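# A look at the structure
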Amino acid sequence: MTANNKQNQSQQSPVDNLFSQLSAKFEWLVKVPTMQLPGKYAVILVGVIVVIFAWKIIAVNKAESDMAKKLEHERVLITQQAREYADHQYIKEEERFGQILSWAVRGELIRNNIDQIDQYLSEIVKMKDTERVVLINDDGKLLVSTDKRLEEANGTELFPREILNLQKITVRSDVDGKKILVVPVMGLNKKIATVIVSYKQQKL
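What this report covers is the structure whose coordinates are included nearby. The residue numbers shown here count from 1 along each chain, following its written sequence. Residues qualify for local features only when their pLDDT is at least 70, as the model is predicted, and side-chain atom pairs are given and counted only at 80 or more; totals for whole chains, interfaces and linings, by contrast, use all residues. Note that water and hydrogens are dropped before the side-chain values are worked out from all heavy atoms of the structure.

### Section: the pattern of salt bridges
Close approach of charged atoms allows side chains of opposite charge to pair. Salt bridges are identified by distance alone: a Lys or Arg side-chain nitrogen within 4 Å of an Asp or Glu carboxyl oxygen. Enumeration according to the criterion identifies 10 salt bridges in this entry. Across the pair Arg111 and Glu108 runs a salt bridge, and its minimum N-O distance is 3.2 Å. The buried category is assigned to Glu108, whose relative accessible area is 9%. Here Arg172 ties to Glu162 by a salt bridge, and the two come within 3.4 Å at their closest N and O atoms. Of this pair, Arg172 sits in strand 3 (residues 170-175) while Glu162 sits in helix 7 (residues 161-164), and the two are 10 residues apart along the sequence. Exposure is judged per residue with a 1.4 Å probe applied to protein chains only, and the accessible area is read against the type maximum: over 50% gives exposed, under 20% gives buried, and values in between give partly exposed. The partly exposed category is assigned to Arg172, whose relative accessible area is 25%. Only DSSP runs of H or I covering at least 4 residues are called helices, and only runs of E covering at least 2 are called strands; the numbering of each starts at the N terminus.

### Here's the deal with the pairing of strand 4 (residues 178-186)
Of the strand pairs in this sheet, strand 3 and strand 4 are connected by 4 bridges, and their pairing is antiparallel. The partner of Val175 across the bridge, within strand 4, is Lys178. Whether two strands pair comes down to DSSP finding at least two bridges between them. Between strand 3 and strand 4, which pair antiparallel and follow one another directly, the connecting turn spans 2 residues, one of which, Asp176, has a positive phi of 55 degrees. Two elements, strand 4 and strand 5 (residues 191-199), share 8 bridges in a ladder whose sense is antiparallel.

### Here's the deal with the nonpolar core
In this description, a nonpolar core means a group of buried Ala, Val, Leu, Ile, Met, Phe, Trp, Tyr and Cys residues linked to one another through side-chain atoms lying within 4.5 Å. Counting 17 residues, the largest nonpolar core has Leu101, Val105, Ile117, Leu121, Leu135, Val195 and Val197 as the members making the most contacts within it. When contributions to this core are tallied by element, the ones reaching two or more residues are helix 4 (39-110), helix 5 (114-124), strand 1 (130-137), strand 4 and strand 5. If you tally residues by element for this core, the top one is strand 5, at 4 residues. Working rule for contacts: check all heavy atoms of both residues, and any pair within 4.5 Å makes them a contact. Sequence-distant contacts of Val197, that is, excluding residues within four places in its chain, are made with Leu101, Thr130, Arg132, Val133, Lys179, Ile180 and Leu181. Within the second largest apolar cluster, 13 residues are counted, among which are Val134, Ile136, Ile163 and Val182.

The quantities given are spatial measurements derived from coordinates; they are silent on function.
Set out below in structure tokens:
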């Protein structure tokens, strides 16, 4: 019988021996669920659990806050880029319109056909958000105005020389609270007049 036991022990694999040793070493872990911990250790354990949960909630909230800030920043950036693109396209369209208007007014002005210019400007003022259109010659005299209350006014009283002296088609976004399109009318050698289209500012 003893010989058989020795034979069985000698037949055990090294893996079985290692498992037996580890089981004996960590036998106390198996008993943990059934052990009754002293009160202070139970309180500490609960405290640790609470701290872990609190840390997790804080970490999640911070991640959500960071993500919200990042999304808001990206939204503001995209909106700004869209506005800049729209403004750029608007200015390009206004410049094209101003160029055509300049050619039309120049032809009639050279022929001294002020009534025809008045008709042109009266049609333009009917366009959406257009408030008034004026034609001022290079001496500052008001030649045509769609606002008949201004007919006796001088052009330099309506707009500063800085505006009247512009040599190229320009859009200004805030001149006395108005958006204006300044269209110089060029003769053969020099500027002979300026058309200024005033727009109503969009309410924010």
